[in-house]
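Spelled out from the first residue to the last, the chains are:
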Amino acid sequence: MNKFEDNITKLDEIVKKLEGGNAALDECVALFEDGVKLTGECIKMLDNAEQKIKLLVQNKDGEVSETDFVQSDA
């Protein structure tokens, strides 16, 4: 597994512990803080991956060029 998948696994474990309702308040706060940190790291990794995505576009002459991926809001 790479760091992204490791972080997602850890986040899943944190959610299960928080949903279990058996943790003390201090532990819940610490788990929440860890979850926020892991979420931020995952978002950064996803942003970096998105910046690397390229589209291969074929023009009318059959030539292929590389362009940046632009996500539509639709």
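Residues numbered from 1 in each chain as written. Predicted model: local features only at pLDDT ≥ 70, side-chain atom pairs only at ≥ 80, totals over all residues. Heavy atoms only, no water.

## Points about the overall build of the protein chain
So the rule is basically this: The helix and strand labels rest on DSSP assignments: H or I over at least four residues marks a helix, E over at least two residues marks a strand, and numbering proceeds from the N terminus. The globule rule used here is 2.2 Å times the number of residues to the 0.38 power, and the radius of gyration it is set against is calculated over C-alpha atoms. Throughout this description, buried means an accessible area under 20% of the type-specific maximum (1.4 Å probe, protein chains only), exposed means over 50%, and partly exposed covers the range between. Calculation of accessible area relied on Shrake-Rupley with a 1.4 Å probe; when residues are assessed, cover is drawn exclusively from the protein chains displayed. Just so you know, the count uses Lys and Arg for positive and Asp and Glu for negative, and it drops His and the chain ends. For this purpose, a charge sits on NZ of Lys, CZ of Arg, CG of Asp or CD of Glu.
For the protein chain, the helix and strand inventory stands at 2 helices and 2 strands. In terms of overall dimensions, the protein chain is more spread out than a globule: its C-alpha atoms have a radius of gyration of 20 Å, far above the 11 Å expected for 74 residues. Across its three principal axes, the protein chain shows a C-alpha extent of roughly 65 × 30 × 15 Å. When each of the 74 residues of the protein chain is scored for burial, the buried share is 9%. Entry remark: accessible area of the protein chain is about 6300 Å², with carbon and sulfur atoms responsible for 55%. Averaging the coordinates of the 9 positive side-chain charges in the protein chain and doing the same for the 17 negative ones gives two points 4 Å apart.

## Section: the confidence of the model for the protein chain
Put simply, the rule is: The pLDDT value expresses, per residue, how confident the predictor is, ranging between 0 and 100.
Per-residue confidence for the protein chain gives a mean pLDDT of 87, with 93% of residues at or over 70. At the low end of the mean pLDDT range in the protein chain sits strand β1 (residues 54-58), at 71; at the high end sits helix α1 (residues 3-20), at 96.

## Points about the packing of α1 against helix α2 (residues 25-52)
Rules: The convention used is that axes are lines fitted to C-alpha atoms, helices contributing only their stretch in contact, and that angles between N-to-C directions extend from 0 to 180 degrees. By the definition adopted for this analysis, an angle is roughly parallel if under 35 degrees, roughly antiparallel if over 145, roughly perpendicular if from 65 to 115, and oblique otherwise. By convention, the crossing between two helices is left-handed when the near helix turns anticlockwise from the far helix through less than a right angle, and right-handed when the turn is clockwise. Contacts between residues were defined by any pair of non-hydrogen atoms, one from each residue, lying within 4.5 Å. Any residue that is not Ala, Val, Leu, Ile, Met, Phe, Trp, Tyr, Cys, Pro, Asp, Glu, Lys or Arg is counted as polar, Gly included; the first ten are nonpolar and the last four charged.
The geometry of α1 relative to α2 is characterised by a closest axis approach of 9 Å and an angle of 150° between their N-to-C directions. Overall, the two elements α1 and α2 adopt an arrangement that is roughly antiparallel. For the pair α1 and α2, the sense of crossing is left-handed. For the pair formed by α1 and α2, the contact residues are K3, F4, N7, I8, K10, L11, I14, K17 and L18 on the first element and C28, L31, D34, G35, L38, T39, E41, C42, M45 and L46 on the second. Considered class by class, the residues forming the contact of α1 with α2 number 11 nonpolar, 3 polar and 5 charged.

## Quick look at the environment of K44
Note on placement: K44 falls in helix α2. Taking relative accessible area as the criterion, K44 reaches 60% and is therefore assigned exposed. Sequence-wise, K44 and F4 are 40 residues apart; in three dimensions their C-alpha atoms are separated by 9.9 Å.

## A look at the pairing of β1
Each regular strand shows side chains that alternate between the opposite faces of the sheet. To keep it simple, the criterion reads: Should DSSP find at least two bridges between two strands, the strands are taken to pair.
When β1 meets strand β2 (residues 64-68), the two strands line up antiparallel, connected through 5 bridges. Across the sheet, the residue bridging to Q58 is V64, located in β2.

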